[in-house]
Amino acid sequence: MIHLSNESGELFTQAFGFAQKQVRRLIEKNPGFYPLYTKNGAWKHEGPAWTHWCDGFLPGMMWIFHKHAAPDSADSKYWLENAIKYTKPLEPRKHDKEIHDLGFLFLSTYYRWYRLTREPALREVLLEAGRTMALRYKEKGQYLKSFVGDNSLFIDIMMNVGIVFYAARETGDRRLRDIAVRHSLTTRRTLVRGDGSTAHEGIFDTDTGEFLRQTTHQGYRGDSCWSRGLTWALYGFTTAYEYSRDPHFLQTAGACADYYISHSPADGVPPWDFNAPAENRTLLDTSSAAICASGLLRLCRLEPDPLKAHLYWSCAVQILTTLCEKHLAKSDPKWEGILRGGVYHVHKGLGVDESVMWGEYFFCEALERVLW
Ligand code: GLY
């Protein structure tokens, strides 16, 4: 990989500092609160969650900040104490069968904590979360069902199947590994299209397991490409390849990356849905861009073709440059988030053109990957 220019290094380091400032401000203003999205720039409001999938991202950022603080500094102590304080309450969620998001919850928190300390009890939490996640498996159809019902598969679950792969690898459990591989193969076959675009949801016949159709909740429509779903796929298939070394998953991650790169504006920040009609394609989703940057920085290390690897790295740097130059909330002192211009759920009117917690987390993760 080529090195960052001094200018980019400085820009990204400043953004990393700003992110810490905003997270400190959030937890000091609203102690113990786990937000999803802002309303007019404020984290605390009465807006509904739709589903409870985001509680790992705030402590996840704290683990990142702790890792890169000067050893034994006041910052290091502050972030460690808070990371533990906000991570511990998540432990009971290792049994949560209501959501399909246990990877989001635990890979951002207990996984980072365990990598730091190697305490066996932390690993046990991860394994239990992986086993709970695997209970969502539908033998007929061969997928992990989404939170909306037995007949539903979401592209987002590619970000969560990693916890099943992890539990399989750590325990040597063949059945867990089979579930993770089959889920990934089914998602590849039913939700990733020939041009590398993705559908948000697949509907199955639960009696026969037959795949029936593509549809959506958060995208423009069933046959469109919701940009965040595409980036969940890009990142998720990269993870599936890391664990399984099945080249089909590397190929799929690459196809999603190529679609993103060739369909996004030159600055790298996409519309909320690539097929949204012209009048609302000006609504961007910076959280997709942040996820994409982080996923590309992971993918570029696995891609055997050096030209492609370089393309992925350069695109990630371009995306991060745009996010830092155009979308940081720095210019509005009242805005409590880090990145503006994220989108949660257009149709329900939740978190539209706001800061969103996963956007913040993957932005920090991408900065971490590019800087260290
Ligand atoms: N529920 C995952 C997402 O909004 O992307």
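Look above for the structure.
In this report, we go over the structure that sits alongside the text. (Residues numbered from 1 in each chain as written. Predicted model: local features only at pLDDT ≥ 70, side-chain atom pairs only at ≥ 80, totals over all residues. Heavy atoms only, no water.)

Let's shift gears to the overall build of the protein chain. Secondary structure summary: the protein chain contains 13 helices and 7 strands in total. Computed over C-alpha atoms, the radius of gyration of the protein chain comes to 19 Å, within 12% of the 21 Å expected from 2.2 N^0.38 for 372 residues, which places it in the range of a compact globule. With the principal axes as the frame, the protein chain shows a C-alpha extent of 55 × 50 × 45 Å. The burial tally for the protein chain puts 61% of its 372 residues in the buried class. Counting contacts in the protein chain only where the partners sit at least 6 residues apart, residues at least 24 apart contribute 69% of the total. For the protein chain, the exposed surface amounts to about 15000 Å²; the carbon and sulfur share of it is 50%. Charge-centre separation for the protein chain: the mean point of 44 positive side chains lies 3 Å from the mean point of 44 negative side chains. (Helix = DSSP H or I, 4+ residues; strand = E, 2+ residues; numbered from the N terminus. Rg over C-alpha atoms; globule rule 2.2 N^0.38 Å. Buried < 20%, exposed > 50% of the residue type's maximum accessible area, 1.4 Å probe, protein only. Contact = heavy atoms within 4.5 Å. Areas by Shrake-Rupley, 256 points an atom, 1.4 Å probe, with all protein chains shown as cover. Lys, Arg positive; Asp, Glu negative; His and termini not counted. Charge placed at Lys NZ, Arg CZ, Asp CG, Glu CD.)

This part is about the site of the ligand. Close to the ligand lie Trp53, Asp156, Gln218, Trp226, Arg228, Trp232 and Tyr344. Within the contact set of the ligand, a nitrogen atom lies 3.3 Å away from a side-chain nitrogen or oxygen of Asp156. A distance of 2.7 Å separates an oxygen atom of the ligand from a polar atom in the side chain of Arg228. For the ligand, the cavity whose grid points lie within 2 Å of the majority of its atoms is the largest cavity. Taken together, the residues of the shell around the ligand sort by class into 4 nonpolar, 1 polar and 2 charged. (Near = heavy atom within 4 Å. Polar contact = N/O pair within 3.5 Å; in protein donor to acceptor, adjacent residues only side chain to side chain. 1 Å grid on protein atoms, 1.4 Å probe; cavity = no way out; pocket = protein on both sides within 12 Å on 5 of 7 lines; lining within 4 Å. Sits in = over half its atoms within 2 Å of the grid points. Nonpolar A, V, L, I, M, F, W, Y, C, P; charged D, E, K, R; others polar.)

So, on to the sheet that holds strand β4 (residues 201-204). Taken in spatial order, the 3 strands of this open sheet run β3-β4-β5, and their pairing is antiparallel. Every other strand in the sheet has two partners, leaving β3 (152-154) and β5 (211-215) as the edge strands with one partner each. Strand-to-strand twist across the sheet, computed as the mean angle between neighbouring axes with direction ignored, equals 25°. Packing against the sheet, helix α8 (residues 174-191) makes contact with β3, β4 and β5, and its axis sits at approximately 90° to β3. (Pairing = 2+ DSSP bridges. Axes fitted to C-alpha atoms, helices over the stretch in contact; angles between N-to-C directions.)

In this section: the side chain of Ser76. Position of Ser76 among the secondary structure elements: in helix α3 (residues 74-87). Residue Ser76 is classed as buried on the basis of its relative accessible area of 9%. Those residues within four positions of Ser76 in sequence are excluded, and the remaining contacts are His66, Ala69 and Ala70.

The geometry of helix α7 (residues 161-171) relative to α8 is characterised by a closest axis approach of 8 Å and an angle of 150° between their N-to-C directions. In terms of orientation, α7 and α8 fall into the roughly antiparallel class. Read as a crossing pair, α7 and α8 show a hand that is left-handed. Across from Val161, Val164, Phe165, Ala167, Ala168 and Thr171 in α7, the residues of α8 making contact are Leu176, Arg177, Ile179, Ala180, Val181, His183 and Ser184. Among the residues making up the contact of α7 with α8, the classes are represented as 9 nonpolar, 3 polar and 1 charged. (Parallel < 35°, antiparallel > 145°, perpendicular 65-115°, else oblique. Left-handed = near helix turned anticlockwise from the far one by under 90°.)

Quick look at the layout of surface pockets now. Approximately 940 Å³ is the volume found for the largest pocket. For the second largest pocket, the calculated volume is near 160 Å³. What lines the second largest pocket is simply Phe33, Tyr34, Pro35, Leu36, Tyr37, Trp43, His45, Gly47, Pro48, Ala49, His52 and Asp55. Looking at the lining of the second largest pocket, its residues break down into 8 nonpolar, 3 polar and 1 charged. (Points joined across faces, edges and corners; volume = space filled by probe spheres on them.)

Here helix α2 (residues 57-68) crosses α3 at 155°, and the two axes come no closer than 8 Å. By the angle between their axes, α2 is roughly antiparallel relative to α3. Here α2 runs over α3; the crossing is left-handed. Facing α2, whose interface residues are Leu58, Pro59, Met62, Trp63, Phe65 and His66, α3 presents Ser76, Trp79, Leu80, Asn82, Ala83, Ile84, Tyr86 and Thr87. In terms of residue class, the contact of α2 with α3 is made up of 10 nonpolar, 4 polar and no charged.

Moving on, we get to empty space enclosed by the protein. Taken as a whole and judged by the stated rule, the model has 1 cavity of 30 Å³ or more. Counted as a void, the largest cavity has a volume near 90 Å³. In this structure, the largest cavity is lined by 13 residues; those nearest its centre are Trp50, Thr51, Trp53, Asp156 and Gln218. Taken together, the residues of the lining of the largest cavity sort by class into 7 nonpolar, 3 polar and 3 charged.

Let's shift gears to the pairing of β4. In β4, alternate side chains face the same way, and those of Glu201 and Ile203 on one face and Gly202 and Phe204 on the other are all buried. Note: β4 against β5, 4 bridges, orientation antiparallel. The residue bridging Ile203 from the neighbouring strand is Arg213, located in β5. The loop that links β4 with its antiparallel partner β5 comprises 6 residues; one of these, Gly209, has a positive phi angle of about 85°.

Another aspect to go through is unusual backbone geometry. At Trp50, a residue that is not glycine, the phi angle is positive and equals roughly 70°. Looking at the element boundaries, Trp50 is found in the loop between α1 (6-29) and α2. Classification of Trp50 as partly exposed rests on a relative accessible area of 26%.

What follows concerns helix α11 (residues 286-299). The terminal C-alpha atoms of α11 lie 20 Å apart, and with 14 residues this matches the ideal 20 Å at 1.5 Å per residue to within 8%. Among the 14 residues in α11, 14 count as buried, and that is most of the element. (Expected span 1.5 Å × (residues − 1).)

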